[in-house]
Amino acid sequence: MKTTLILGLAALTVAGCSNRPAGMFPDEIAAAQAVDAQFGAATAANIQAMTNPQQATDALAVRFATEVESTVTFPFNSSVLTPQAQAVLQQQANWIRQFPEIRFRVYGHTDLVGSAAYNERLGRDRANAVVAYLATQGISRNRLEALVSFGETRPVVATQQPEMRNRRTVTEVSGFVAGSPMLLNGKYAQVVFREYVLSAVPTTEISATEGGAGGE
């Protein structure tokens, strides 16, 4: 009777974790399951992209805006990229290169100084300047879906005075490249592998004892 009970418990244990080697302790099983959950995240994201492109687009848009500075600013009445703006765009390009099937849109903005028509053109010039620079960093222009200018219509700071925070472009994820099979090809597999490696790094905690002529 006792032998039968022991065998029954062993069978239940194996059945409850049939994909685990026999003889693992409960804490070992929990640790292995946690690793599985982390390592499956990248593949899950790829499956999501193939089955629900819009949801995947939204998630990637949030990730891009979180991990990279998406905005660059410009001098007054100018579409010239400053060294600081170029540094930000280099970071954007590094991120964009990791996801070859994603498209991006660049939005151009101005401050409220000058006419609306002039500022619409200036906003477009700024968006074009960003696209041109990203192209020099190895990003295909085909992946920059559109150049959109909001001109002076969407200021960050509502003021009639010159304001650098309004003189900007914003780069955003806009969708997937048309015709992309969105398969786990070799190039994208490299990205997945990188995510696996990053997810495998354990987190550590420290204890308590430790003015222009035309406008703008």
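Residues numbered from 1 in each chain as written. Predicted model: local features only at pLDDT ≥ 70, side-chain atom pairs only at ≥ 80, totals over all residues. Heavy atoms only, no water.

**Here's the deal with unusual backbone geometry**
- For Asn-77, which is not a glycine, the phi torsion comes out positive at approximately 55°.
- Position of Asn-77 among the secondary structure elements: in the loop between strand 1 (71–73) and helix 4 (83–97).
- Asn-77 sits in the partly exposed class, given a relative accessible area of 22%. (Helix = DSSP H or I, 4+ residues; strand = E, 2+ residues; numbered from the N terminus. Buried < 20%, exposed > 50% of the residue type's maximum accessible area, 1.4 Å probe, protein only.)

**Looking at the side chain of Glu-152**
- Here Glu-152 is to be found in the loop between strand 3 (144–151) and strand 4 (168–176).
- No salt bridge is formed by the buried Glu-152, whose closest oppositely charged neighbour, Arg-126, lies at an N-O distance of 9.8 Å.
- The residues contacting Glu-152, other than those within four sequence positions of it, are Thr-110, Asp-111, Leu-112, Gly-114, Ser-115, Ala-116 and Asn-119. (Lys, Arg positive; Asp, Glu negative; His and termini not counted. Salt bridge = Lys/Arg side-chain N within 4 Å of Asp/Glu carboxyl O. Contact = heavy atoms within 4.5 Å.)

**A look at the environment of Gly-108**
- Its place among the elements puts Gly-108 in strand 2 (residues 102–109).
- Sequence spacing of Gly-108 and Asn-166 is 58 residues, and the spatial spacing of their C-alpha atoms is 9.7 Å.
- With sequence-adjacent residues up to four places away left out, Gly-108 is seen in contact with Gly-123, Ala-127, Val-148, Ser-149, Phe-150, Gly-151, Arg-168 and Thr-169.

**Focus on the pairing of strand 2**
- Of all eight residues in strand 2, six are buried; the element is thus mostly enclosed.
- One ladder, built from seven bridges, connects strand 2 with strand 4; its direction is antiparallel. The partner of Val-106 across the bridge, within strand 4, is Thr-171. (Pairing = 2+ DSSP bridges.)

**Comments concerning the pairing of strand 4**
- Counted residue by residue, strand 4 has eight buried out of nine residues, so it is predominantly covered.
- Across three bridges, strand 1 lies against strand 4 in antiparallel orientation. Residue Thr-73 lies in a different strand from strand 4, and its bridge partner there is Arg-168.

**Some details on the nonpolar core**
- Among the nonpolar cores identified, the biggest contains 27 residues, and Leu-81, Phe-104, Val-130 and Leu-134 are the most heavily contacted of them.
- Contributions of two or more residues to this core are made by helix 3 (53–67), helix 4, strand 2, helix 5 (116–136) and strand 4.
- Ignoring sequence-local partners within four residues, the contact set of Leu-81 consists of Phe-74, Gln-86, Leu-89, Ala-129, Val-130 and Tyr-133. (Core = buried A, V, L, I, M, F, W, Y, C linked by side-chain atoms within 4.5 Å.)

**A word on the packing of aromatic side chains**
- Considering all chains together, one arrives at five aromatic pairs under this definition.
- With 5.4 Å between their ring centres and 10° between their planes, Tyr-107 and Phe-150 make a pair best called stacked. One end of the pair, Tyr-107, is in strand 2; the other, Phe-150, is in strand 3, and 43 residues separate them in sequence.
- With relative accessibility at 13%, the residue Tyr-107 sits in the buried group.
- Linked through ring pairs, Phe-64, Trp-95, Phe-99 and Phe-104 together constitute an aromatic cluster.
- Directly above the aromatic system of Phe-150 lies the positively charged group of Arg-154, at a separation of 3.8 Å from the ring centroid. (Phe/Tyr/Trp six-rings, centres within 6.5 Å; stacked < 30°, edge-to-face > 60°. Lys NZ or Arg CZ within 6 Å of the ring centre and 35° of its normal.)

**Comments concerning the packing of helix 4 against helix 5**
- At a minimum axis distance of 10 Å, the contact between helix 4 and helix 5 shows a crossing angle of 60°. One way to sum up the angle between helix 4 and helix 5 is to call them oblique. Crossing of helix 4 against helix 5: the hand is right-handed. Side by side, helix 4 and helix 5 meet where Gln-86, Leu-89, Gln-90, Gln-92, Ala-93 and Ile-96 of the first sit next to Val-130, Tyr-133 and Leu-134 of the second.
- Of the residues that constitute the contact of helix 4 with helix 5, the class distribution is six nonpolar, three polar and no charged. (Axes fitted to C-alpha atoms, helices over the stretch in contact; angles between N-to-C directions. Parallel < 35°, antiparallel > 145°, perpendicular 65-115°, else oblique. Left-handed = near helix turned anticlockwise from the far one by under 90°. Nonpolar A, V, L, I, M, F, W, Y, C, P; charged D, E, K, R; others polar.)

**Examining the environment of Arg-63**
- Turning to its location among the elements, Arg-63 is positioned in helix 3.
- Residue classification places Arg-63 among the partly exposed positions, given a relative accessible area of 25%.
- Measuring from C-alpha to C-alpha, the distance between Arg-63 and Val-173 comes to 9.5 Å, with 110 residues separating the pair along the chain.

**With respect to helix 5**
- Between its terminal C-alpha atoms helix 5 stretches 31 Å, which fits the 30 Å expected from 21 residues at 1.5 Å a residue.
- The positive-phi residue at the C-terminal boundary of helix 5 is Gly-138, with phi of around 90°. (Expected span 1.5 Å × (residues − 1).)

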